[in-house]
Structure formats: C-alpha cells, structure tokens
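# Coordinate inspection notes
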Amino acid sequence: MPATRTIGVAVSALALLGVATMSTASATPEHGDGHRAAPLVLGHRGASGYRPEHTLASYELAARMGADYIEPDLVSTKDGVLVARHEPEIGGTTDVAKRPEFAARKATKVLDGVSVTGWWTEDFTLAELKTLRAVERIPDVRQRNTIYNGRFQVPTFQEVIDLSKRLSRELGREVGIYPETKHPTYFRKIGLDLNPKVVEALERNGLNRRGAKVFVQSFEVGNLVELSRKLRVPLIQLTSASGAPYDFVASGDKRTYADLLTPAGLRGVAKYAYGIGPAKDQVIPRDAAGNLAQPTALVGDAHAAGLKVHPYTFRAENAFLPANLRSSAVPAEYGDLFGELSAFWAAGVDGVFSDNPDIAVASRAETFPRR
Ligand code: G3P
Ligand code: CA
C-alpha cells in the first residue's frame with residue numbers, strides 16, 4: 001500500500017480519537033517513486049522504558065526491539081574517558097549516594113548557570129566509576145525497572161560502540177549509534193573537552209567516514225560547528241522548547257532556540273547540520289487543556305531548508321502523553337503512545353527518539369508497511 005494512503009488511514013483513526021492531525025501534504029517524498037522513506041526509530045538512552053537508562057542492557061534491548069540507532073549521552077570522567085550518562089551529576093542514576101567511600105565527593109557546582117548538588121563524573125576516574133551501579137532514574141513511574149537496580153555498570157562510549165558492532169553482526173543489520181555531547185561548554189571549561197574525544201573515538205573505530213551509521217548531536221551550537229569541520233558523519237542540532245543554547249548564553253549571544261527554528265535560522269543550521277532534534281512540542285504543541293493540537297510549520301520549514309527532523313521523546317506512560325491520549329490519571333500507567341506516534345508520522349517527521357522502541361517500531365510498521 002502506498003505510504004500516503006496508509007498515513008491517511010492513520011489520520012482517520014486519530015480523528016476518531018479526537019487527536020488533532022494535519023494533512024499529509026508535508027510528508028516528504030524521498031524516493032524516486034514518490035514514496036516517503038520510513039522514519040528512523042532511535043532508542044532513547046537505549047530502551048529506557050524497560051531498563052535503567054544508559055546501560056548496556058538498555059542499549060541491547062533497544063537494538064533487539066528493532067531500533068535503528070542507540071543513543072548514548074556522553075560525559076567525561078576525571079581521566080578523560082567518555083562514559084554514557086545523561087548529565088555529569090550521577091546521584092539520580094547510580095548508587096553513588098549509598099557508597100560511604102565516596103561520601104566526601106559530594107559537591108555543589110554550577111552547571112549551565114544552575115546550582116546542582118551531587119556527585120560528578122569529572123571527580124571520578126573510570127576505575128572508580130566502574131565500581132558504581134546504575135539505578136532507575138524515575139522509580140515512581142518505572143517501578144518495574146527498579147528490579148534491575150544495582151545490576152549494570154556505567155558503560156564507556158567504547159563499550160557502546162563495541163556493543164553496536166557485536167549486535168550488528170548478530171542481528172544481520174547495522175545498529176547505528178547516535179551519541180550526544182552533554183554540556184560541552186561546561187566540560188571544556190574544566191579542561192575535559194568532549195569534542196576531541198568524540199572525534200578520536202569515531203576515528204579509532206573506523207566510524208568517521210561518509211556512510212557510517214552515526215549521528216552526532218548537541219544542544220549547543222559552537223561545538224557542533226567545530227565538529228562539522230572534523231567529522232564526516234551527519235550532525236543534529238538539538239533544540240529545547242524554551243531558552244537558548246548554553247554556549248550562546250555564556251558568550252552573550254542573545255539568540256534563542258526559537259531563533260534557530262525560524263526559516264532563516266534553519267537555513268543557518270543547515271550550513272553545519274544534517275537535521276534538527278526538536279522537543280516534540282515544537283512539532284505538535286499541546287493546547288491549553290494539554291491535548292495534542294495542530295502541528296506547527298516546523299517540519300515543513302526544516303525540510304525546505306534541507307534538514308531532517310528527529311523529535312524527542314516518545315514515552316508510553318501517561319505522565320509523558322498529551323491529555324487526550326492518557327488512559328487514566330495514573331502517571332505510570334500506559335496511555336496511547338501509538339496515537340501520539342501516528343500524529344507525528346502524519347506531521348512528516350524523519351525519526352523519533354523513543355524510550356519504548358518496540359512500540360515505535362510497531363507503529364512505524366503499521367504506517368509504513370514494507371513495499
Ligand atoms: O538527544 C535527544 C534527546 O535525548 C534530547 O534530550 O535530555 O533526553 O538528552 P535528552
Ligand atoms: Ca540525548
């Protein structure tokens with residue numbers, strides 16, 4: 001069935017559900033035959049809906065569920081090793097707070113202008129960090145994941161790359177990696193610049209080449225521009241629904257994320273990036289009641305600038321869904337993630353970051369059946 005017709009079916013179903021949708025006109029035909037290429041499924045922090053985030057177990061599950069890419073966020077240890085954590089402060093995602101030997105490492109620091117108290121990867125050598133164990137970040141919402149607390153280490157970037165290569169061989173398809181440099185201005189300021197380490201790691205693994213199944217992403221701009229001169233893989237400019245890239249803030253540049261997403265801003269991003277990774281609300285906002293509203297012009301504007309669009313983050317729990325797609329008032333219960341994804345496929349996105357890659361893969365298969 002042609003993809004456009006299938007999308008139409010999905011849109012009708014959404015209308016019945018009371019979900020706002022748009023016409024299929026913005027779906028981008030990318031094949032010579034007029035069919036739209038199926039969007040990518042990006043395993044967000046692995047399959048973090050089912051395992052503590054940024055563990056090898058989470059990444060492996062994502063790949064086995066069919067994710068095209070696994071997504072490590074990268075920070076640095078004291079001895080300059082890239083490891084996978086969402087932020088340098090690790091009190092919420094490891095058992096460090098229960099380790100008396102590290103009690104004295106607790107420190108208050110200013111991270112991107114915000115005072116944060118906890119334990120910091122840059123104060124631990126890799127050997128020390130490896131003695132810690134990952135825990136579930138949101139145990140109230142993901143109680144089932146807590147049975148894995150204490151079972152997995154903090155992986156290095158190299159271990160994530162090694163895993164992707166092993167699973168690619170085993171699964172008979174290439175499992176891509178989608179690393180994100182976290183807080184690059186912060187790490188550069190403390191003498192642990194992330195960029196050279198990322199370039200070195202990709203070079204060392206034969207991945208700094210055209211055609212390698214790798215995207216590199218950042219919420220900052222300056223480090224992506226710098227990487228664009230050193231990497232041959234596509235780059236993704238992440239944007240938040242509010243605020244500004246922290247390197248802009250630090251240098252006194254008044255531009256915001258909203259400025260990057262105007263048609264002129266997007267043309268500027270296209271000079272160094274392959275695509276954008278917006279917050280999902282920047283693609284389809286919610287109305288005053290919290291329901292999914294009409295799509296913005298962002299997908300069309302980005303495509304007009306030659307940019308792909310990979311919004312984040314698609315999660316099955318009611319806590320993260322629009323009001324009209326929730327199953328109940330209980331935050332941890334599953335709502336209609338299929339419905340949310342259908343609306344975003346119809347809006348023309350080129351990929352989605354999801355904590356539940358199995359659901360994203362199943363939804364994609366419904367909307368974009370193999371031809
Ligand atoms: O990188 C895409 C998405 O992961 C950005 O948000 O905060 O989950 O890293 P975050
Ligand atoms: Ca990320």
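What counts and what doesn't
- Residues numbered from 1 in each chain as written.
- Chains lettered and ligands numbered in written order.
- Predicted model: local features only at pLDDT ≥ 70, side-chain atom pairs only at ≥ 80, totals over all residues.
- UniProt positions renumbered as here; feature names shortened; annotations may be inferred.
- Pairing = 2+ DSSP bridges.
- Helix = DSSP H or I, 4+ residues; strand = E, 2+ residues; numbered from the N terminus.
- Contact = placed C-beta atoms within 7 Å.
- Axes fitted to C-alpha atoms, helices over the stretch in contact; angles between N-to-C directions.
- Parallel < 35°, antiparallel > 145°, perpendicular 65-115°, else oblique.
- Left-handed = near helix turned anticlockwise from the far one by under 90°.
- Nonpolar A, V, L, I, M, F, W, Y, C, P; charged D, E, K, R; others polar.
- Core = buried A, V, L, I, M, F, W, Y, C linked by C-beta atoms within 7 Å.
- Buried ≥ 20, exposed ≤ 12 C-beta atoms within 10 Å, placed from the backbone.

For the chain, an unreviewed UniProt entry supplies the name glycerophosphodiester phosphodiesterase and the organism Actinokineospora globicatena. Listed under Sequence similarities (unreviewed entry) in UniProt, the entry text for the chain is "Belongs to the glycerophosphoryl diester phosphodiesterase family." One UniProt comment on the chain, placed under Catalytic activity (unreviewed entry), says "a sn-glycero-3-phosphodiester + H2O = an alcohol + sn-glycerol 3-phosphate + H(+)".

This part is about the sheet that holds strand β3 (residues 73–76). On the basis of which strands lie adjacent, the open sheet formed by 7 strands has the order β4-β3-β8-β9-β10-β11-β12 and mixed pairing. The sheet terminates laterally at β4 (82–84) and β12 (308–309), the two strands that pair on one side only. Sheet topology places β3 next to strand β8 (residues 180–181); 2 bridges connect them, and they run parallel. Bridge pairing in β8 links L74 to T181. Packing of helix α6 (residues 194–204) onto the sheet brings it into contact with β3, β4, β8 and β9 (216–218), and relative to β3 it is tilted by some 120°.

With that out of the way, let us pick up the packing of helix α2 (residues 56–64) against helix α4 (residues 157–171). Where α2 contacts α4, the axes come no closer than 10 Å and their chain directions differ by 30°. When the axes of α2 and α4 are compared, the pair comes out roughly parallel. Note that α2 runs across α4; the crossing there is right-handed. Contacts from L56, Y59, E60 and A63 of α2 reach α4 at E159, V160, L163, L167 and L171. Residue composition of the contact of α2 with α4, by class: 7 nonpolar, no polar and 2 charged.

Two elements in contact, helix α12 (residues 337–347) and helix α13 (residues 357–367), have axes whose closest approach is 10 Å; the angle formed by their N-to-C orientations is 55°. As judged from the angle between their axes, α12 and α13 are oblique. Note that α12 runs across α13; the crossing there is right-handed. Contacts from L337, F338, L341, S342 and W345 of α12 reach α13 at I359, A360, S363 and T367. Taken together, the residues of the contact of α12 with α13 sort by class into 6 nonpolar, 3 polar and no charged.

Generally speaking, nonpolar side chains in soluble globular proteins are found buried as a group. One finds I70, F344 and V352 to be the most contacted residues of the largest nonpolar core, which totals 92 residues. Residue contributions to this core peak at 7 residues, all from α12. Once you skip the residues sitting within four places of it in the chain, V352 turns out to touch P39, V41, L42, H310, P311, F314, L341, F344 and A360.

Before going further, it helps to examine the environment of E71. Note on placement: E71 falls in strand β2 (residues 69–71). Classification of E71 by C-beta neighbours within 10 Å gives buried; the count is 30. Taking the C-alpha atoms as reference points, E71 and V214, separated by 143 residues in sequence, lie 9.9 Å from one another. Apart from the residues lying within four places of it in its own chain, the contact partners of E71 are L42, G43, H44, R45, Y178, E180 and F353.

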